[in-house]
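What the coordinates show
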Amino acid sequence: MNIKVNNLTKKYGIQAAVDDVSFEVKTGEIVGFLGPNGAGKTTTMKILTNFIAPTRGEVFIGDKPMVEEAEELKRHIGYLPENNPLYEDMPIIDYLEFVAELQHIPSQEIPERIKDIIRKVGLNDEKHKKIGELSKGYKQRVGLAQALIHDPEILILDEPTTGLDPNQIVEIRKLIRELGKEKTVILSTHILPEVEAIADRILIINKGKIVANGTAENLRSQAGETETLLVRIEDGDANEIFTALQGLDSVALVDFANRQNNRFEVKSKAQRSSKRDIFKLCVERGWVLTEMTPNEQKLEDIFRQLTIN
Amino acid sequence: MRTIWILTKKELRGYFDSLIAYVMIILFLGFSGFFTWLYGSDIFFLGQASLRTFFGIAYWTLFFFIPALTMRSLSEEKRSGAIELLLTKPISDWQLIWGKFLANFLIIVIALALTFPYVITLANIGNLDGGAVFLGYAGLLLMSAAYIGIGIFTSSISQNQIVAFLFALFIGLFFHVIFGVLASASTGWLGGLFNYLDLSVHFESISRGVLDTKDVIYFLSIMFTGLYLSVISLAKRNLN
């Protein structure tokens, strides 16, 4: 099932939490919502799950309008809200049974389904506890389990890895990636490496607006990336090398990264690469090139560039 | 309908798992039993086999008992945020409200059913009027339905259970006492209006042995108004 959002606006008073947002998510795609706190990620997700109604705009799920056919469409969505609210005094199994019943799973299939999902999210050792007795990481798994129990075609996960330890984060990411092979997944996060690790496509939201939309590589080139190289050249005088590098045609700017080690930071001119020129220069002068690493612009920088203003 | 029952079942299980149901029922039976059989102008004072005393006492115990029962219904869901999980499942707002209502109502039914030994005892002592007993219970159930409606409404507007409890008592007090006082203090159509709004008039007319549709409509309209306002209050999440 695909998701299509047209000109979505949600106003709280006069402040727009989501401001004229349009995007599309194709079936089987994992899309990451990225944005600073209060950017409108959670509000968008609440509208997508029909918890709140938009002020303006429409949501189509599988080409059906959300507001009109909510009862039917909600059955195809698995949702993990931001703070993972659960009934603390309910045992895990009872809770999952309750959710399964609400999702209209036939009662003879429920025990099998619960067993299955408990294994899938790794709750097997804890399954006889009450939810309130679980640590945060395990609660998060219960939250995932309740979102997955009816095998929904669409998964909406609001910060699925908050509060987990590094091992658990890796496991949950793996699970989401696996699920994303056949399901449409939208997840939000403000952890950049996470979205790069899981998502096929990234939507950066800031102040209720989409400021970037594309794959990680896409975003890098959109941000007008220029090549930066870290170069180490031995067997020569640092100042002499500096001047020679600066004299190259393709080089925009040279800086000392570390003077003692003869390491330089070389910025190429826009749309050009200076790797070959540097190599040829070294051969010409008899210098030894011991290091040349491209310094990729990090997603962090793009993110900051787009969201700070 | 099935969805409502699933919600009711979960709610009932919650009440019994967390001891709330037991504590409430024991308190209700304790108070009612004490004042019916042991203290003051008790059941023996009447000199005839009638449960009138008990109905009069339950009329007051339920008044306090119901807000305490309903106060957490929606306020707790709102406070924990679990309401978001519930309403993003294939459930409508009305189904959720009916599920909550039914669970609370069933607790009251259970509590009242446990007073059935009173009926048996009295039937053994003297000549008990079965019709009066039946209508007395019907009156209590109708009154409970009305107060549960109010209680669910107040718990839908606050995340704080205490606020929900006190506000339900406050609204209830109007129907229970204040409209009656106002009715006796005013004349003309205003007096008539207050007299109509006074819950005790309708309760007494039923427990005196007249089951009038007017009285039934009175109780049910309070209940529906309460539930309707709860749904509106839930829908308010779309506005702010």
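Quick caveat, the model's predicted, so the values are computed rather than measured.

1. Details of the overall build of chain B
The number of helices and strands found in chain B is 12 helices and zero strands. For chain B, the N- to C-terminal ordering of α and β elements is α-α-α-α-α-α-α-α-α-α-α-α. Against the 2.2 N^0.38 benchmark of 18 Å for 240 residues, chain B shows a C-alpha radius of gyration of 19 Å, consistent with a compact globule. In terms of overall dimensions, chain B has a C-alpha envelope of 60 × 50 × 30 Å along the principal axes. Here chain B, with 240 residues, has 53% of them falling under the buried criterion.

2. Observations concerning helix α4 (residues 110–121) of chain A
Residues and elements named next belong to chain A. Under the 1.5 Å per step criterion, the end-to-end length of α4 is 17 Å for 12 residues, consistent within 8% with the ideal 16 Å. When we look at burial in α4, the residues that qualify are Ile-110, Ile-114, Ile-117, Ile-118 and Val-121. Looking down the long axis of α4, one finds its buried residues gathered within 105 degrees of arc, a one-sided arrangement. In α4, the exposed residues that point more than 90 degrees away from the buried face are Lys-115 and Arg-119. Among the structural elements, α3 (92–102), α5 (136–148) and α6 (166–179) are those in contact with the buried residues of α4. Looking one or two residues past α4, Gly-122 carries a phi angle of roughly 75 degrees, positive in sign.

3. Some details on the nonpolar core
Judged by nonpolar contacts, the single largest core of 146 residues is most densely connected at Tyr-95 and Phe-98 of chain A together with Leu-51 and Leu-199 of chain B. The leading source of residues in this core is helix α8 (residues 130–157) of chain B, at 13 residues. Aside from chain neighbours lying at most four places away, what touches Leu-199 of chain B is Tyr-59, Met-143, Tyr-147, Phe-175, Tyr-218, Phe-219 and Ile-222 of chain B. Leu-229, Ala-244, Val-254 and Phe-264 of chain A belong to the second largest nonpolar core, which has 15 residues in total.

4. Looking at the pattern of salt bridges
All chains considered together, the criterion is met by 19 salt bridges over all chains. For Lys-46 of chain A, the salt bridge identified is with Glu-84 of chain B, shortest N-O distance 3.9 Å. Here the residue Lys-46 of chain A occupies a position in helix α1 (residues 41–48), and Glu-84 of chain B occupies one in helix α5 (residues 82–87), the pair thus bridging two chains. Overall, Glu-84 of chain B belongs to the buried group, its relative accessible area being 10%. Between Lys-100 of chain B and Glu-77 of chain B there is a salt bridge; the shortest N-O distance is 2.7 Å. Of this pair, Lys-100 of chain B sits in helix α6 (residues 93–113) while Glu-77 of chain B sits in helix α4 (residues 75–80), and the two are 23 residues apart along the sequence. Looking at Lys-100 of chain B, the relative accessible area reads 3%, which means it is buried.

5. So, the packing of helix α3 (residues 52–70) of chain B against helix α9 (residues 161–185) of chain B
All names here are of chain B. Between α3 and α9, the least distance of the axes is 8 Å, while the angle of their chain directions is 150 degrees. Here α3 lies roughly antiparallel to α9, going by the angle between them. For α3 against α9, the interelement crossing comes out right-handed. When α3 is examined against α9, the residues Tyr-59, Trp-60, Phe-63, Phe-64, Pro-67 and Ala-68 are found in contact with a partner set consisting of Phe-165, Ala-168, Leu-169, Gly-172, Leu-173, His-176 and Val-177.

6. Quick notes on the sheet that holds strand β12 (residues 251–258) of chain A
Residue and element names in this part refer to chain A. Here four strands make up an open sheet; going across it, the order is β12-β13-β11-β14 and the pairing antiparallel. Two strands close off the open sheet at either side, each with one partner strand: β12 and β14 (288–294). Neighbouring strand axes in the sheet, compared pairwise and without regard to direction, differ in orientation by 25 degrees on average. Judged from the five bridges that link them, strand β11 (residues 228–234) and strand β13 (residues 263–268) form a sheet pairing that is antiparallel. The partner of Leu-229 across the bridge, within β13, is Val-266. Relative to the sheet, helix α9 (residues 238–246) contacts β11, β12 and β13, its axis offset from that of β12 by approximately 155 degrees.

7. Looking at the domain arrangement of chain A
Along its sequence, chain A is organised into domain 1 (3–222) and domain 2 (228–296). Between the C-alpha centres of domain 1 of chain A and domain 2 of chain A the distance comes to 47 Å.

8. Re the pairing of strand β7 (residues 154–158) of chain A
Residues and elements named next belong to chain A. Within β7, five of the five residues are buried, leaving the element largely enclosed by the surrounding structure. A two-sided burial pattern is seen for β7, the buried positions comprising Ile-154, Ile-156 and Asp-158 on one face and Leu-155 and Leu-157 on the other. Following the backbone out of β7, through α6 and into the adjacent parallel strand β8 (residues 184–189), one traces a crossover that is right-handed.

Each value, and the rule that gives it
Residues numbered from 1 in each chain as written. Chains lettered and ligands numbered in written order. Predicted model: local features only at pLDDT ≥ 70, side-chain atom pairs only at ≥ 80, totals over all residues. Heavy atoms only, no water. Helix = DSSP H or I, 4+ residues; strand = E, 2+ residues; numbered from the N terminus. Rg over C-alpha atoms; globule rule 2.2 N^0.38 Å. Buried < 20%, exposed > 50% of the residue type's maximum accessible area, 1.4 Å probe, protein only. Expected span 1.5 Å × (residues − 1). Arc of directions from axis to C-beta. Contact = heavy atoms within 4.5 Å. Core = buried A, V, L, I, M, F, W, Y, C linked by side-chain atoms within 4.5 Å. Salt bridge = Lys/Arg side-chain N within 4 Å of Asp/Glu carboxyl O. Axes fitted to C-alpha atoms, helices over the stretch in contact; angles between N-to-C directions. Parallel < 35°, antiparallel > 145°, perpendicular 65-115°, else oblique. Left-handed = near helix turned anticlockwise from the far one by under 90°. Pairing = 2+ DSSP bridges. Domains from an automatic or database assignment. Right-handed = clockwise from strand over helix to strand, strands pointing away.

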